[in-house]
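Chain residues, written in single-letter form:
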Amino acid sequence: MASLRRQIAHYATFPQTGVSLRQMVQFGQNPSQGTLLRASQFLAAELPIRLAHRVKELDELPHGLHKMPSIEKVKRWYAQSFEELVNFPRPELPPNLTEALLRASQESESIPEPKPNPSLPEHMKPRANQLKSKQGRQKMPLHRYYSNPDETIVWPPEVHDYNDKFTRVLSNIKRRHDPVVTTVAQGILEFKRDRQSPHIDRSIQTFLDRFYMSRIGIRVLIGQHIALNRLEPHEDYVGIICTRTNVHQIAREAIENATYVCEEHYGLFKGPPVQLICPKDLNFMYVPSHLNHVLFEVLKNSLRAVVETHGVDCENYPPVKVIVAEGNEDITIKISDEGGGIPRSALPLVWTWMYTTANPENLDQDFQGTDFKAPMAGFGYGLPIARLYAQYFGGNLKLISMEGYGTDCYIHLSRLSQSSEPLQVRTIPRALCCAESC
Ligand SMILES: Nc1ncnc2c1ncn2[C@@H]1O[C@H](COP(=O)(O)OP(=O)(O)OP(=O)(O)O)[C@@H](O)[C@H]1O
């Protein structure tokens, strides 16, 4: 246990390496077993670093939050996943195959090299220099691993086997971490009850921003790897990334889902209408489930605001309008409602974790689940999480409110897909933080 703790502390001293959407797509197109092996090696080096950072941060949470049972539980999951990854046996490759791997990576990939981690055994360290020095060198005959004249590499069963086993480890880790969001939220509730205070301070707010952003990143990398290894190739997909994500279609789905939840929650025969103005052929490269999640959360808020402002008996709700614009840099989605708006003083609070104006009695305070399933409202996680999803691939989410009338939400999605994961989430300005005003 002590040695695991030391190992985690050591890994947490290394910087995380960000990957952009574009890199993921370039790397994952038509992957060979060799490409998948290189991706496995990247993740085997990168994920323990990311997990170690999270364990360290959970350990250092202030005001006794780190001692809350649910936070301890989450920390154990991260430590266990870290341990499984660092102990996962490395593939024993014959030298000529290692050579082939290096050459294949030179020719095809765009995945970044993880930052050198001195704790790795020599044979596992990134070989960037070696790669460079081999450029231009004559190709070595690769004997039985090259089976045909055009030198297509036939990767031996050991490589398939390694990729398969590594994918299985990642699937287990992903499953283990499914309930992280609800369990951390549970930890915050325990903390609030313990302190008999409804507020969390700025350091905890910043921690949660970084923690959940990191979780999105880890899950994208793992999800992408599992999809590349397990899913049948599809012309519009590279792993979980859809190269032709259709905005109209995703928006329609999100509208249907949010309307359904709203009608169920308020017992309405017909919820407020939602108008969609979007070119039907607007496609771009994105992770469809992320876009769906962001739109669903924002629409749910708008529908709730409209119903609660105009009353459940209203027969003629003003419509929620969803307008999509296509620019060179961004695709922007504006969601406008006439739900009475948000008072200016409350606007900074909507970005704080677990801030909600929904009635807490509607919620099971000891909620437990396999993943975060939002009801109509009540966790106060909707907007902060939706903004992190938008920011993860270089976009953003902003609210503009006219108190007494309604709210406009702008979702900016970067089309260029070049920005790397924001592994350091910006700290909230002191003036905007709930803690200072609470
Ligand atoms: N369009 C809107 N109009 C008026 N108030 C809004 C709007 N969007 C958000 N809010 C306010 O911001 C608060 C926080 O929203 P957020 O989506 O983070 O959490 P929630 O909807 O309360 O709960 P959940 O996490 O279950 O979605 C809401 O409770 C509501 O008071």
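The structure presented is a predicted model; accordingly, all values stated were derived computationally and were not measured.

Rules used in this analysis
Residues numbered from 1 in each chain as written. Predicted model: local features only at pLDDT ≥ 70, side-chain atom pairs only at ≥ 80, totals over all residues. Heavy atoms only, no water. Buried < 20%, exposed > 50% of the residue type's maximum accessible area, 1.4 Å probe, protein only. Helix = DSSP H or I, 4+ residues; strand = E, 2+ residues; numbered from the N terminus. Pairing = 2+ DSSP bridges. Axes fitted to C-alpha atoms, helices over the stretch in contact; angles between N-to-C directions. Contact = heavy atoms within 4.5 Å. Near = heavy atom within 4 Å. Polar contact = N/O pair within 3.5 Å; in protein donor to acceptor, adjacent residues only side chain to side chain. Areas by Shrake-Rupley, 256 points an atom, 1.4 Å probe, with all protein chains shown as cover. Nonpolar A, V, L, I, M, F, W, Y, C, P; charged D, E, K, R; others polar. Phe/Tyr/Trp six-rings, centres within 6.5 Å; stacked < 30°, edge-to-face > 60°. Expected span 1.5 Å × (residues − 1). Domains from an automatic or database assignment. Buried area = accessible area lost by both parts, 1.4 Å probe. Salt bridge = Lys/Arg side-chain N within 4 Å of Asp/Glu carboxyl O.

Visitor: Quick rundown of the pairing of strand 3 (residues 274–277)? Include the residues and the values.
Guide: Taking every second residue as pointing to the same face, the buried face of strand 3 carries Val-274 and Leu-276, while none of Gln-275 and Ile-277 on the other face is buried. Across four bridges, strand 3 lies against strand 5 (residues 320–326) in parallel orientation. Opposite Ile-277, over in strand 5, you have Ile-323 as the bridge partner.

Visitor: Can you lay out the sheet that holds strand 8 (residues 406–414) for me, pointing to particular residues and giving the numbers?
Guide: Two modes of strand pairing occur in sheets, parallel and antiparallel, and in both the strands are linked by backbone hydrogen bonds. Taken in spatial order, the five strands line up as 3-5-6-8-7 in an open sheet, and their pairing is mixed. Taken across any chain shown, the strands that pair with only one partner, and hence form the sheet edges, are strand 3 and strand 7 (396–402). Averaged over neighbouring strand pairs, the angle between their axes works out to 15° when direction is ignored. Set on the sheet, helix 10 (residues 247–266) makes contact with strand 3, strand 5 and strand 6 (330–337); between it and strand 3 the angle comes to about 175°. In this fold helix 11 (residues 288–310) packs onto strand 3, strand 5, strand 6, strand 7 and strand 8, with an angle of close to 20° to the strand it touches most, strand 6.

Visitor: Residues and numbers for the site of the ligand, please.
Guide: Around the ligand there are 22 residues in total, and Asp-337, Thr-356, Thr-357, Tyr-381 and Gly-382 lie nearest to it. Between the ligand and Lys-300 there is a distance of 3.5 Å, counted from an oxygen atom to a side-chain nitrogen or oxygen. Between an oxygen atom of the ligand and a main-chain N or O atom of Tyr-381, the distance comes to 2.7 Å. Considering the ligand on its own, with 590 Å² of exposed area, one finds that the protein chains cover 94% of that surface. At the level of elements, helix 11 and helix 12 (382–392) are the ones that each hand at least two residues to the shell around the ligand. At six residues, helix 11 tops the list of elements feeding residues into the shell around the ligand. For the shell around the ligand, the per-class residue count stands at nine nonpolar, nine polar and four charged.

Visitor: Outline the packing of aromatic side chains, listing residues and values.
Guide: In the structure shown here, the tally under the stated rule is 13 aromatic pairs. Ring geometry for Tyr-11 versus Phe-82: centroids 5.1 Å apart, planes at 90°, classification edge-to-face. Here Phe-82 lies in helix 4 (residues 69–86) and Tyr-11 lies in helix 1 (residues 2–11), a separation of 71 residues in the sequence. A network of ring pairs unites the aromatic residues Tyr-78, Phe-207, Phe-211, Tyr-212, Trp-353 and Tyr-381 as a single cluster.

Visitor: Describe in detail the environment of Arg-176, supporting the description with residues and values.
Guide: For Arg-176, the location among the structural elements is in helix 7 (residues 157–176). Using a relative accessible area of 17% as the deciding quantity, one classes Arg-176 as buried. Polar side-chain contacts of Arg-176 include one of 2.9 Å to the side chain of Ser-81. Among the polar contacts listed, one links the side chain of Arg-176 to the side chain of Glu-84, at a separation of 2.7 Å.

Visitor: I'd like a rundown of helix 11, residues and numbers included.
Guide: With 23 residues, helix 11 extends 33 Å from end C-alpha to end C-alpha; this agrees with the ideal 33 Å at 1.5 Å per step. Phi turns positive one or two residues past the end of helix 11, at Gly-311, with a value near 90°.

Visitor: How would you explain the domain arrangement of the protein if you had to name every residue and give the values?
Guide: For the protein, the assigned domains are domain 1 (1–119 + 149–237) and domain 2 (241–414). Between domain 1 and domain 2, the contact holds 30 residues from the first and 27 residues from the second. Counting each side, the surface lost to burial between domain 1 and domain 2 is near 2800 Å², with a carbon and sulfur contribution of 64%. Summed over the three residues of domain 1 that lose the most area to domain 2, namely Leu-21, Thr-182 and Ile-216, the buried surface amounts to 21% of that side. Residue Asp-236 is joined to Arg-244 by a salt bridge in which the shortest nitrogen-to-oxygen separation is 3.7 Å.

Visitor: Give me the pattern of salt bridges: which residues, what numbers.
Guide: Evaluated as defined, the whole model comprises 14 salt bridges. For Lys-75, the salt bridge is made with Glu-72, and the minimal N-O distance between the two is 3.8 Å. Here Lys-75 pairs with Glu-72, and both are found in helix 4, just three residues apart, close to one helical turn. Ionic pairing is found between Asp-178 and Arg-219, a salt bridge with its closest N-O pair at 2.6 Å. Separated by 41 residues along the polypeptide, Asp-178 in the loop between helix 7 and helix 8 (180–195) and Arg-219 in helix 9 (residues 202–230) bring together distant segments of the chain. Ionic contacts of the salt-bridge type, sharing partners, join the residues Arg-54, Glu-57 and Arg-210 into one network.

Visitor: How would you sum up unusual backbone geometry? Please name residues and give values.
Guide: A positive phi angle, near 55°, is found at His-63, a position not held by glycine. Secondary-structure assignment places His-63 in the loop between helix 3 (33–59) and helix 4. Phi at Met-354 takes a positive value of approximately 70°, unusual for a residue other than glycine. For Met-354, the location among the structural elements is in the loop between strand 6 and helix 12. Using a relative accessible area of 13% as the deciding quantity, one classes Met-354 as buried.

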